[in-house]
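Structural features, examined
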Amino acid sequence: MVGRVTLSLQPMPVLTPSGVLVVDKARGPTSHDVVACVRRALGIREVGHAGTLDPMATGVLVLALGEATKLVPWLTAHDKAYEAEIALGVQTDTLDADGREVIRAPLGTALFEALSQPRGREIPPALHAALETERRRTVQVPPAYSAIRTQGQRAFAAARRGSIPVLAPRAVRVARLDLIAWSRDPAFLSLALEVGKGYYVRALARDLAGALGTVGHVTHLRRLRSGPFVIDESVSVDAPPDQLQAYIQPIATAAGRALALGRLTEAGTRDARHGRLVRPYDIDAPPRGPCAWFDPGGGLVAVGEVDDAGRGRVLRGFSS
């Protein structure tokens, strides 16, 4: 008699998505809220973002899923492009429209006259001079309401308790700062800008208004680009899970867009996968800086860099 065989039917494992998802963040939620929403929608815990957007801000928020979370240090290093509107004459504690008004200052005569100039002509000299000062900026004092750690805590936590932290200036870079429009009543400036990592547009509102002899705060901020990822390829976080899944860019594609490219031989691939130095003749990569290393079949192996002797050193490896 043949014995009965009992089969234990186990549910099929759910494939954990890995890759980059570009979300068009709405006004209101924090960046962490968006991360939590995607975790729930896709059933994945490993989700990180590449560059915080304030709750008031909208636009491109780059999310890294699964193995792609290893790319975050390089995704956050890219320049970002914004469109912003700054209200003049009023400052809030957070330097944006979500904050509480703390200062109201009149517009000086020169600024009043500059804002009265009709658009379509040359930028008024007073505005031009203030913009030039900001274009040359190389250090910036972050807003007190920021996520920067100071004395073991987030700056915004101390600020909310009434203990306004004094934050050290940080190195910044302004690639482009253009004045798009201006108005006297209400008094505002509309700007387009491209800036490097760590630049705060809220601090721009404070500093630019100060250069004009008044105060100001951000009333509109939209990120149009983060590195190679642009608003036109984004999806709403409220989209159905299958649509979110369809917008995930494979990790190899995302790495190839965000980093310079390197090619490994079969031997170089084996060395890199074991974390060993890759010999110069087993790698074809730029001589300086991190780059994405691919195997002969086009699979992402690691992010690495080449030393002065031409050897490749693995910075972060990826599963095959």
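Residues numbered from 1 in each chain as written. Predicted model: local features only at pLDDT ≥ 70, side-chain atom pairs only at ≥ 80, totals over all residues. Heavy atoms only, no water.

Moving on to the environment of I86. Within the secondary structure, I86 is located in strand β4 (residues 80-88). We classify I86 as buried; its relative accessible area is 1%. When the C-alpha positions of I86 and S190 are compared, they lie 6.5 Å apart, and in sequence the two are 104 residues distant. (Helix = DSSP H or I, 4+ residues; strand = E, 2+ residues; numbered from the N terminus. Buried < 20%, exposed > 50% of the residue type's maximum accessible area, 1.4 Å probe, protein only.)

Checked against the element boundaries, G210 lands in helix α6 (residues 201-211). Distance in space between the C-alpha atoms of G210 and A130 is 8.9 Å, their sequence separation being 80 residues.

Within α6, eight of the 11 residues are buried, which leaves the element mostly enclosed by the surrounding structure. Buried within α6 are the following residues: V201, R202, A203, L204, A205, D207, L208 and A209. In this structure, the buried side of α6 is in contact with β4, α4 (125-135), β7 (139-140), β11 (174-184), β12 (187-195) and β13 (216-226). (Contact = heavy atoms within 4.5 Å.)

Moving on: the packing of α4 against α6. If you want to describe how two helices pack, look at the angle between their axes and the distance between the axes. Relative orientation of the contacting elements α4 and α6 amounts to 135 degrees, with a least axis distance of 9 Å. Here α6 runs oblique to α4, going by the angle between their axes. Crossing geometry of α4 relative to α6 is assigned as right-handed. Contacts from A130, L131 and E134 of α4 reach α6 at L204, D207, L208 and A211. Split by residue class, the contact of α4 with α6 holds five nonpolar, no polar and two charged. (Axes fitted to C-alpha atoms, helices over the stretch in contact; angles between N-to-C directions. Parallel < 35°, antiparallel > 145°, perpendicular 65-115°, else oblique. Left-handed = near helix turned anticlockwise from the far one by under 90°. Nonpolar A, V, L, I, M, F, W, Y, C, P; charged D, E, K, R; others polar.)

Once that is clear, we can look at the sheet that holds strand β17 (residues 291-294). Reading across the sheet, the five strands line up as β16-β15-β17-β18-β19 and stay open at both edges, with mixed pairing between neighbours. Edge positions in the sheet fall to β16 (283-284) and β19 (312-317), since each has one partner strand and no second. The pairing of strand β15 (residues 260-264) with β17 spans four bridges and is parallel. By the bridge assignment, L261 is partnered in β17 with A292. (Pairing = 2+ DSSP bridges.)

Turning our attention to the pattern of salt bridges. This structure, assessed with the given rule, holds 22 salt bridges. Of the charged contacts, one joins R176 and E194 as a salt bridge, the two residues approaching to 3.3 Å between their closest N and O atoms. On the criterion of sequence distance, the pair formed by R176 in strand β11 and E194 in strand β12 is long-range, its members being 18 residues apart. Residue class for E194 comes out partly exposed when judged on its relative accessible area of 23%. The closest approach of N and O atoms between R279 and D282, which form a salt bridge, is 3.1 Å. (Salt bridge = Lys/Arg side-chain N within 4 Å of Asp/Glu carboxyl O.)

Turning our attention to unusual backbone geometry. Here D185 and P186 are connected by a cis peptide whose omega angle stands at 5 degrees. Along the chain, P186 falls in the loop between β11 and β12. The phi angle at L95 is positive, at roughly 70 degrees, despite the residue not being glycine. Inspection of the secondary structure puts L95 in the loop between β5 (90-92) and β6 (101-104). On the accessibility criterion, L95 (5% relative accessible area) is buried.

Below, the discussion takes up the confidence of the model for the chain. In this model, the chain carries a mean pLDDT of 90, and residues with pLDDT of at least 70 account for 88%. Predicted confidence is poor over residues 1-14, with pLDDT under 50, and the contacts of this stretch with residues over four places away or in other chains come to zero contacts. (pLDDT = per-residue confidence, 0-100.)

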